[in-house]
Amino acid sequence: YSLRGFRRYSVEAQSPIAFVFDIDGVLLRGKKPIPQAHEALSLLNDKKIPFILLTNGGGVTEQDRVKFLSEKLDIPLSKHQIVQSHTPMEAWARSEQFQRVLVVGGENDNSRTAALNYGFKDVVMPIDIVKAFPAASPHHRFTAKDFLEYAKDVDFLKPVDAILVFNDPRDMGTDIQIVSDMLNSVDGMVGTKRSIPVEIPEKPSIPIVFSNNDFLWANDYNLPRFGQGAFRMIIERLYTETNSLSKSQTLQSTILGKPFKLQHDYAHWVLIEWNKILHGHQEHDFRPQLGKAPENSPFKTLYMVGDNPESDIHGAINSNWESILLRTGVYKDEDWKSTKHRPTVGVFDNVLEGVKAVV
Ligand code: G3P
Ligand code: MG
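Residues numbered from 1 in each chain as written. Chains lettered and ligands numbered in written order. Predicted model: local features only at pLDDT ≥ 70, side-chain atom pairs only at ≥ 80, totals over all residues. Heavy atoms only, no water.

Asker: Account for the sheet that holds strand S12 (residues 254-255), naming residues and giving values.
Answerer: Across the sheet, 5 strands lie side by side as S7-S6-S8-S9-S12; this open sheet has parallel pairing. For this open sheet the edge positions go to strand S7 (122-124) and S12, each flanked by a neighbour on one side alone. Judged from the 3 bridges that link them, strand S8 (residues 162-165) and strand S9 (residues 208-210) form a sheet pairing that is parallel. When the bridges of S9 are listed, Leu 164 appears paired with Val 209. Sheet strands in contact with helix H7 (residues 172-183) are strand S6 (100-104), S8 and S9, and its direction is about 150° off that of S6. Contacting S8, S9 and S12, helix H8 (residues 228-242) runs over the sheet at an angle of about 150° to S9. (Pairing = 2+ DSSP bridges. Helix = DSSP H or I, 4+ residues; strand = E, 2+ residues; numbered from the N terminus. Contact = heavy atoms within 4.5 Å. Axes fitted to C-alpha atoms, helices over the stretch in contact; angles between N-to-C directions.)

Okay, here's the thing in structure tokens:
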């Protein structure tokens, strides 16, 4: 879908409300669309109410994700209408804060493509290290075809400056080993180990950024699955053991994604810009400032529609958005007693019911 496929909205039709949709458990279960999703998004398009997608998923470019979603949901979507878990990392690519980054997670080397797309110049992945040093991950699952198609020949005389976890690992054993090696390396040099104890044991030798904190997420299995938050817990536990941290110490890291306000503020900027494009502005790339909430938003109320109280609902409440919780994903009614983050609008069977409750 190109933007040309969108109807131009007249400027006076500015909507005082807007929607932010989670994807997994709201619009999709795994790769399968949730039946009511098409109707809910069509209803908003018909009423000229802007919406964007805010997902803790990722591992591909925004363009590829919306192309897939447009086909699955039969709804026109633009790459300017989505924030994935790692989308805010584009700001670090622009700032050139890190030269060489180790990107982890996702299918094949799709995350490398996404990182290069943001402007990172030197992107290494665990498969590159295992291709050069197969014994680095003795039980790796890569095939000769994988090495041929997805691995790069890398000059390992240059250090890795940061570890960016773009999505859930596919070869968890390899990613656990390589990430742990780098956190305990001598200044990011592959194949080295810093001597311990170090001055600040919680501080890894290079920074690590996790792009979401989801302990669980909903695919098309009947039970929720471990997410990137579970991977972080494994890395933290091994780092604690390696560095003999005390009970009160833990690996220093940065975590993006819902429910953190940085991610919701970033999404709010995206929504404001998308609204302009919907109302006739030329399609344009824009780069929100990280960590800065939009002032003078054109929206009186933002509605977050999600399936996970810990990420979607908690994040919405943190950002003073209204929140709608659905039964089509992680959340189950029997969890209500233990659910700390209660939706401000209510709990609905599916996304269409949730949207109809407020438009
Ligand atoms: O990795 C996907 C999972 O963490 C949840 O994605 O769309 O429900 O935020 P989403
Ligand atoms: Mg979800």
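The structure having been displayed, the exposition proceeds.
Asker: Outline the packing of aromatic side chains, supporting the account with residue identities and numerical values.
Answerer: If you walk through the whole model with that rule in mind, you get 10 aromatic pairs. On the basis of an interplanar angle of 75° and a centroid distance of 6.4 Å, the ring pair of Phe 210 and Phe 231 is categorised as edge-to-face. Of this pair, Phe 210 sits in strand S9 while Phe 231 sits in helix H8; the two residues are 21 residues apart in sequence, bridging distant segments of the chain. Looking at Phe 210, the relative accessible area reads 0%, which means it is buried. (Phe/Tyr/Trp six-rings, centres within 6.5 Å; stacked < 30°, edge-to-face > 60°. Buried < 20%, exposed > 50% of the residue type's maximum accessible area, 1.4 Å probe, protein only.)

Asker: Kindly report on a nonpolar patch on the surface, identifying the contributing residues and their values.
Answerer: Judged by side-chain polarity, Met 172, Ile 234 and Leu 238 come together as a nonpolar surface patch covering roughly 210 Å² of accessible area. Along the polypeptide, Ile 234 turns up in helix H8. A relative accessible area of 32% means that Ile 234 is categorised as partly exposed. (Patch = residues over 30% accessible without salt bridge, like charges linked within 9 Å, V, L, I, M, F, W, Y side chains within 5 Å. Areas by Shrake-Rupley, 256 points an atom, 1.4 Å probe, with all protein chains shown as cover. Salt bridge = Lys/Arg side-chain N within 4 Å of Asp/Glu carboxyl O.)

Asker: Hey, could you go over helix H4 (residues 110-118) for me, with residue numbers and the actual values?
Answerer: Along H4, the residues that are buried comprise Ser 111, Arg 112, Ala 114, Ala 115 and Tyr 118. Viewed end-on, H4 has its buried residues packed into an arc of 160°, placing them on one side of the element. Its buried side turned inward, H4 meets helix H2 (62-73), helix H3 (90-95), S6, S7, helix H5 (126-132) and helix H6 (144-150). Positive backbone phi, approximately 115°, marks Gly 119, located one or two places after H4. (Arc of directions from axis to C-beta.)

Asker: Account for the side chain of Arg 65, with residues named and values stated.
Answerer: Residue position: Arg 65 is located in helix H2. We note that Arg 65 is buried and unpaired, the nearest opposite charge coming from Asp 24 at a distance of 4.4 Å. In contact with Arg 65, not counting residues within four places along its chain, are Ile 23, Asp 24, Leu 28, Val 60, Ile 82 and Gln 84. (Lys, Arg positive; Asp, Glu negative; His and termini not counted.)

Asker: Which residues make up helix H9 (residues 261-278), and what values go with them?
Answerer: Over its 18 residues, H9 extends 25 Å from the first C-alpha to the last, a length consistent with the 26 Å expected when each residue adds 1.5 Å. The buried fraction of H9 amounts to 14 of the 18 residues, a majority that puts the element mostly inside the structure. A positive backbone phi angle near 100° is found at Gly 280, which sits one or two residues after H9. (Expected span 1.5 Å × (residues − 1).)

Asker: How would you explain the pairing of S8 if you had to name every residue and give the values?
Answerer: Residues Ala 162 and Leu 164 of S8 are buried on one face, and the alternating residues Ile 163 and Val 165, pointing to the opposite face, are buried as well. Following the backbone out of S8, through H7 and into the adjacent parallel S9, one traces a crossover that is right-handed. (Right-handed = clockwise from strand over helix to strand, strands pointing away.)

Asker: A description of the confidence of the model for the protein chain should follow, citing residues and the corresponding values.
Answerer: Mean pLDDT over the protein chain stands at 95; residues scoring 70 or higher make up 96%. For this predicted complex, the interface score ipTM comes out at 0.97, alongside a pTM of 0.94. (pLDDT = per-residue confidence, 0-100.)

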